[in-house]
Amino acid sequence: MQTTTAPHGRPTVTALTPQEREVLYALGCGLEDAEIADVLALPELVVSGLLGRVLVKLELRDRAAAIVHAFDCGLVVPGQGPRRQAAARGITVRQRTGPAPGPWLRVSVLGPLRAWLAGQPVDVGPVRQQAVLAALALSPDRSVSRQQLLDGVWGMESPGGNVVPVYVYRLRKSLRLGECPDSLIRRDRYGYGLVRGVAELDVACMEVLVTAAGAAERAGDLSEAVRLCDRALDLFCGVPLAGLPGPLAELERLRLAERRVALAQRKADWQLRLGRVAEAIAGLSALALEEPLNEPVAVLLMRALQRGGRRAEALAVFDRAGRRLADDLGVAPGELLRRARWAVLRGDDSGAGRGRVGAA
């Protein structure tokens with residue numbers, strides 16, 4: 001495969017993984033995400049995530065720039081189409097090299113744990129067994145030892161004995177495709193892990209979208225940043241790891257819940273910068289109901305209401321937040337919230353009291 005130096009000092013396709021190069025190649029051949037997913041036997045969400053990684057790694061702004069880059073680097077040669085048929089559009093795509101893709105496991109933890117094998121829902125057993133799968137899925141690049149699983153899933157209630165091997169054995173039986181003898185769970189001297197390259201975790205897809213949103217912001221395309229952030233937030237479908245026991249699940253629930261709030265704040269900040277005040281107010285109002293003790297959320301909602309000319313409602317947000325802080329925590333509003341109130345009273349729309357939007 002030809003990989004000439006890219007123009008304007010951008011990284012070349014050698015910075016990409018083989019799978020990312022395949023996505024860029026198919027994109028350069030004119031395929032849409034759904035068609036690329038069909039050709040490469042990948043879920044469409046994974047294709048979208050891989051494309052986001054390509055844009056970030058190659059410092060490209062959008063799909064059009066990626067297509068141009070595919071030609072500039074010699075990855076796609078005009079007039080020399082690929083060889084494998086893409087039936088949806090009659091466009092050909094090069095034959096994949098290497099082994100055919102095996103069973104593809106999708107695991108969702110941004111809500112109750114769910115799993116799909118080769119596109120079909122799979123029952124992964126009782127909640128402790130689900131928690132073992134979640135622990136493996138949340139550690140995609142390393143093995144998890146038996147003791148780590150005991151500590152993370154059972155904590156102080158650790159039963160000891162062979163409970164971990166038993167649960168792993170049951171998961172291995174569940175995570176096989178038909179009569180295929182191979183499982184998607186490997187074992188090495190360090191412990192257990194999912195076979196690399198065959199599992200998709202919704203958290204990883206979310207982080208890819210967030211990274212791409214950050215790249216869009218740096219490129220000055222806030223509309224695209226909002227769109228990508230929306231897609232990341234859409235992956236949340238309830239309380240993360242809802243109902244799963246153990247210290248690991250509890251820590252991840254807190255971390256992912258905070259991640260979601262930070263993403264929603266970041267999206268609202270971009271909407272305000274775009275002048276989409278009504279959208280920002282709607283999203284922040286819902287978030288404030290969910291997070292009544294979150295002062296940065298209240299501050300951002302006050303800013304949005306003030307920007308929309310709704311001064312009395314902005315002050316009401318301060319009063320409501322102050323009462324909840326006093327009743328639930330026995331504390332007074334913090335400095336950021338007090339500064340936001342003064343900014344509203346002064347009619348200051350220059351960003352005073354803005355504070356720091358949650359990092360995403």
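Residues numbered from 1 in each chain as written. Predicted model: local features only at pLDDT ≥ 70, side-chain atom pairs only at ≥ 80, totals over all residues. Heavy atoms only, no water.

(A) Molecular detail of the pattern of salt bridges. The final tally for this structure, using the stated rule, is 17 salt bridges. A salt bridge links Asp 188 to Arg 186; the nearest nitrogen and oxygen atoms lie 3.0 Å apart. Salt-bridge contacts for Arg 273 lead to Asp 269; the nearest nitrogen and oxygen are separated by 3.7 Å. Highlighted residues: Arg 273 and Asp 269, both in helix α10 (residues 247-273), separated by 4 residues, approximately one helical turn. For Arg 273, a relative accessible area of 44% translates into the label partly exposed. Taking the relative accessible area as the measure of exposure, Asp 269 reaches 6% and is therefore buried. A cluster of three or more residues bridged by salt bridges with shared partners is formed by Glu 217, Arg 266, Asp 269, Arg 273 and Arg 303. (Salt bridge = Lys/Arg side-chain N within 4 Å of Asp/Glu carboxyl O. Helix = DSSP H or I, 4+ residues; strand = E, 2+ residues; numbered from the N terminus. Buried < 20%, exposed > 50% of the residue type's maximum accessible area, 1.4 Å probe, protein only.)

(B) Geometry of the confidence of the model for the protein chain. Within the protein chain, residue pLDDT values average 82, and 83% of them lie at 70 or more. Contacts for the low-pLDDT stretch residues 1-8, under 50 throughout, to residues beyond four places or in other chains number 19 contacts. Within the model, the stretch residues 79-103 combines pLDDT values under 50 with 49 contacts to residues more than four positions away or in other chains. (pLDDT = per-residue confidence, 0-100. Contact = heavy atoms within 4.5 Å.)

(C) Main features of the sheet that holds strand β8 (residues 199-201). On the basis of which strands lie adjacent, the open sheet formed by 4 strands has the order β5-β4-β3-β8 and mixed pairing. With one partner strand each, in any of the chains shown, β5 (120-121) and β8 form the two edges of the open sheet. Alignment of strand β3 (residues 105-108) against β8, held across 3 bridges, turns out to be parallel. Pairing of Arg 106 across the sheet is with Glu 200, part of β8. (Pairing = 2+ DSSP bridges.)

(D) How the structure looks around the packing of aromatic side chains. Under the counting rule described, the total for this entry stands at 1 aromatic pair. When the centroid spacing of 5.7 Å and the interplanar angle of 20 degrees are considered together, the rings of Trp 154 and Tyr 167 count as stacked. Of this pair, Trp 154 sits in the loop between α6 (146-153) and α7 (163-174) while Tyr 167 sits in helix α7, and the two are 13 residues apart along the sequence. Residues Trp 154 and Tyr 167 agree in their burial class; the two are buried. Its guanidinium or amino end placed over the ring of Trp 116, Arg 106 lies 4.5 Å from that ring's centre, counting from NZ or CZ. The ring of Phe 318 has Arg 341 lying over it, and the distance from NZ or CZ to the ring centre is 5.4 Å. (Phe/Tyr/Trp six-rings, centres within 6.5 Å; stacked < 30°, edge-to-face > 60°. Lys NZ or Arg CZ within 6 Å of the ring centre and 35° of its normal.)

(E) Looking closely at the pairing of strand β4 (residues 114-117). Relative to β4, β3 runs antiparallel, the two being bridged by 4 bridges. Bridge pairing in β4 places Leu 105 opposite Leu 117. Between β3 and β4, which pair antiparallel and follow one another directly, the connecting turn spans 5 residues, one of which, Gly 111, has a positive phi of 155 degrees. Bridge analysis of β4 against β5 gives 2 bridges, and the strand direction is antiparallel. Paired with Trp 116 across the bridge in β5 is Pro 121. What sits between the antiparallel neighbours β4 and β5 is a turn of 2 residues, in which Ala 118 has the positive phi angle 55 degrees.

(F) Expanded view of helix α12 (residues 295-307). Here α12 is 13 residues long and its end C-alpha atoms lie 18 Å apart, about the 18 Å a rise of 1.5 Å per residue gives. Of all 13 residues that make up α12, 10 are buried, and the element is covered over most of its length. The inward-facing, buried residues of α12 contact α10, α11 (277-290), α13 (311-329) and α14 (335-346). Where α12 terminates, the next one or two residues include Gly 309, which has phi positive at roughly 75 degrees. (Expected span 1.5 Å × (residues − 1).)

(G) Structural context of the pairing of strand β7 (residues 191-194). Bridge count for strand β6 (residues 185-188) against β7 is 4 bridges, and the pairing is antiparallel. Bridge pairing in β7 links Asp 188 to Gly 191. In this antiparallel pair of consecutive strands, β6 and β7, the connection spans 2 residues.

(H) Representation of α11. Compared with the 20 Å implied by 1.5 Å per residue over 14 residues, the 20 Å span of α11 between its first and last C-alpha is a close match. Looking at the buried residues of α11, the elements they touch are α10 and α12.

(I) Representation of unusual backbone geometry within the structure. Despite not being glycine, Glu 59 shows a phi value in the positive range, around 55 degrees. In this structure, Leu 241 is a non-glycine residue whose phi angle is positive, near 55 degrees. With respect to the helices, strands and loops of the structure, Leu 241 is situated in the loop between α9 (222-234) and α10.

(J) Examining the packing of helix α5 (residues 127-137) against α7 more closely. For the pair α5 and α7, the least separation of the axes is 10 Å and the interaxial angle reads 80 degrees. As judged from the angle between their axes, α5 and α7 are roughly perpendicular. On α7, the residues that touch Arg 128, Gln 129, Val 132 and Leu 133 of α5 are Tyr 167, Val 168, Arg 170 and Leu 171. Of the residues assigned to the contact of α5 with α7, the class counts are 5 nonpolar, 1 polar and 2 charged. (Axes fitted to C-alpha atoms, helices over the stretch in contact; angles between N-to-C directions. Parallel < 35°, antiparallel > 145°, perpendicular 65-115°, else oblique. Nonpolar A, V, L, I, M, F, W, Y, C, P; charged D, E, K, R; others polar.)

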